[in-house]
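# Coordinate inspection notes
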Amino acid sequence: MNGVESVVYVESVESIELSVAMTEIIIFEAQFDGGELPSSIGNLIHLRYLSLYMAHVTHLPSSMQKLKLLIYLNLFVDARCSMPNFLKKMRELTTLWFPLRIHDKVKMELSNLVNLETLENFSTEHGSVCDIQGMTRFKTLSISFNDKGCTMETLSSSLSELRHLENLNIYDAYKLYAPIVDEEGFCFDCVNLKQLKLSVCMPRLPDAQCFPFHLRSITLRGCCLEEDPILILEKFLHLYDVNLLNISFCGKRMVCSSGGFPQLHKLEFGGLAEWEKWIVEEGSMPFLQTLTVHNCGKLMELPDGLRFVTFLEELDMNTHTLKFWNKLSIGGEEYYKVQHIPLLNII
């Protein structure tokens, strides 16, 4: 096609078969309920873009190893997927998405993919973290962590080689809510990391020096932390955005100390079922602008120190009880804590 790129949207296995003859296709997107992807997909040797996003694909053929010109491959399918070890042939890939659910016996080799910049849903159960050490162009990486296939210390060591990594997401795909991470092995020396998401169960956060110095955003989900995470997080000098969500903290009390969170602009709490008491000391979070508190049913009052957070522009909150709502409404006994905030969304 003389360099002209074509896009084909495929809705059935039969239409894939019809497309196979069109070897000039170099961009291909599949959206079908097919089960097994036909082996004839390997004939499309000029493909540059292949997406099976949310397609019902249960088996990927070994013939896909012929697609050596792919730069984008999305295997985020809507099924438990079986796949042979074909990715090591695709050296041009810059973006790769794995399926969320992969058959137990699948093992993938990725060490040849030195051009990867984005890797989503990499599983320590189905691949070796040592393979990612040579991927020096990485900017975005999400990892399904299973301590049966890898230790946090091994993972940390491999990630320390990724000098350009900016966005990192580590999660427990099985969501067992039992400790699988030993904070003593947790130390990420990723000098350019800006955004970190952790969704693995651990009793406490490691010390602040175990995190990248220039971290700007952190999101914790399902961590089941027993100790107040604020004691660690407020020491990060460059944090702009903090999100503590979905039983990330299982304790009852959190304290924001004077001088803590010197650059924080956004703070969100959500789904902290056991949280009862929040203390904010004067001089904490001096530049906080947006505060969100949702589904924290045992929190029955906002901290008195919130009135000292004078940059606060927006509070978005559900109160669970009419009594709590009345206290924060105009004329209520605790309205003084929030009266300086221009935008109040309290329900």
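Residues numbered from 1 in each chain as written. Predicted model: local features only at pLDDT ≥ 70, side-chain atom pairs only at ≥ 80, totals over all residues. Heavy atoms only, no water.

In the annotation of an unreviewed UniProt entry, the entry for the protein reads Disease resistance R13L4/SHOC-2-like LRR domain-containing protein, and the organism field reads Brassica rapa subsp. trilocularis.

Check the secondary structure of the protein and you find four helices and 19 strands. Buried residues in the protein amount to 51% of all 347 residues. Across the protein, contacts joining residues at least 24 apart in sequence account for 44% of those joining residues at least 6 apart. Of the roughly 15900 Å² of accessible surface on the protein, a fraction of 49% belongs to carbon and sulfur atoms. (Helix = DSSP H or I, 4+ residues; strand = E, 2+ residues; numbered from the N terminus. Buried < 20%, exposed > 50% of the residue type's maximum accessible area, 1.4 Å probe, protein only. Contact = heavy atoms within 4.5 Å. Areas by Shrake-Rupley, 256 points an atom, 1.4 Å probe, with all protein chains shown as cover.)

Moving on to unusual backbone geometry. Here the phi dihedral of Met54 falls at roughly 60 degrees; this positive angle occurs in a residue that is not glycine. When you line up the elements, Met54 lands in the loop between strand S4 (49-51) and strand S5 (57-59). Within the chain, Met285 stands out as a residue other than glycine whose phi angle is a positive 50 degrees. Inspection of the secondary structure assignment puts Met285 in the loop between strand S16 (277-280) and strand S17 (290-294).

A few words now on the pattern of salt bridges. Once their charged atoms are close, side chains differing in charge can pair, the charge on each being opposite to the other. Taken as a whole, this structure holds seven salt bridges when the rule is applied. Measuring nitrogen to oxygen at the nearest pair gives 3.0 Å for the salt bridge that ties Glu274 to Lys298. Of the two residues, Glu274 is situated in the loop between strand S15 (266-270) and S16 and Lys298 in the loop between S17 and strand S18 (314-317); the sequence distance between them amounts to 24 residues. With relative accessibility at 33%, the residue Glu274 sits in the partly exposed group. The shortest N-O distance in the salt bridge between Arg307 and Asp304 comes to 3.1 Å. A residue is classified by how much of its surface remains accessible, and Asp304, at 31% relative accessible area, is partly exposed. One continuous salt-bridge network, built from bridges that share partners, spans Lys327, Glu334 and Lys337. (Salt bridge = Lys/Arg side-chain N within 4 Å of Asp/Glu carboxyl O.)

Moving on: the packing of aromatic side chains. According to the stated counting rule, one finds eight aromatic pairs in the structure shown. Taking the centre distance of 5.1 Å and the plane angle of 55 degrees together, the rings of Phe211 and Phe236 count as tilted. Highlighted residues: Phe211 in the loop between strand S11 (195-199) and strand S12 (217-221) and Phe236 in the loop between helix H3 (230-233) and strand S13 (241-245), separated in sequence by 25 residues. Both residues of the pair, Phe211 and Phe236, count as buried. Where Phe269 meets Trp275, the ring centres are 4.5 Å apart and the plane angle is 45 degrees; that geometry is what we call tilted. Judged by relative accessible area, Phe269 falls into the buried class, the value being 0%. Residue classification places Trp275 among the buried positions, given a relative accessible area of 0%. Taken together through their ring pairs, the aromatic side chains of Tyr53, Phe76 and Trp97 make up a single cluster. (Phe/Tyr/Trp six-rings, centres within 6.5 Å; stacked < 30°, edge-to-face > 60°.)

To continue, consider the nonpolar core. Buried together is how nonpolar side chains tend to be arranged in soluble globular proteins. Ranked by size, the top nonpolar core spans 99 residues in total, and within it Met64, Leu87, Leu159, Phe269 and Trp278 carry the most contacts. Those residues in contact with Phe269 that lie beyond four places of it in its chain are Leu244, Leu245, Met254, Trp275, Trp278, Leu291, Thr292, Val293, His294 and Cys296. (Core = buried A, V, L, I, M, F, W, Y, C linked by side-chain atoms within 4.5 Å.)

Among the residues of helix H2 (residues 152-159), Met152, Leu155, Ser156, Ser158 and Leu159 are the ones counted as buried. The arc enclosing the buried residues of H2, seen along the axis, measures out at 165 degrees, which places them on a common side. Among the structural elements, strand S9 (140-144) and strand S10 (167-171) are those in contact with the buried residues of H2. (Arc of directions from axis to C-beta.)

This next bit is on the side chain of Asn243. Inspection of the secondary structure puts Asn243 in strand S13. Of the polar contacts made by the side chain of Asn243, one reaches the side chain of Asp241; its length is 3.3 Å. (Polar contact = N/O pair within 3.5 Å; in protein donor to acceptor, adjacent residues only side chain to side chain.)

Most of S13 is tucked away, with five of its five residues classed as buried. Here S13 shows two buried faces, one formed by Asp241, Asn243 and Leu245 and the other by Val242 and Leu244. Both S12 and S13 contribute to a ladder of five bridges, which runs parallel. Looking at the pairing, Ser217 lines up with Asp241 of S13. (Pairing = 2+ DSSP bridges.)

As judged from the five bridges shared by S9 and S10, these two strands associate in the parallel manner. By the bridge assignment for S10, Thr140 is matched with Asn167. Note that S10 and S11 share five bridges and pair parallel. Across the sheet, the residue bridging to Ile170 is Leu198, located in S11.

This part takes up the environment of Ile346. Along the chain, the position of Ile346 falls in strand S19 (residues 343-346). A residue is classified by how much of its surface remains accessible, and Ile346, at 16% relative accessible area, is buried. The spatial distance from the C-alpha of Ile346 to the C-alpha of Thr292 is 10.0 Å, given a sequence separation of 54 residues. Not counting chain neighbours up to four residues away, the residues in contact with Ile346 comprise Leu315, Met317, Thr319, Trp325 and Leu328.

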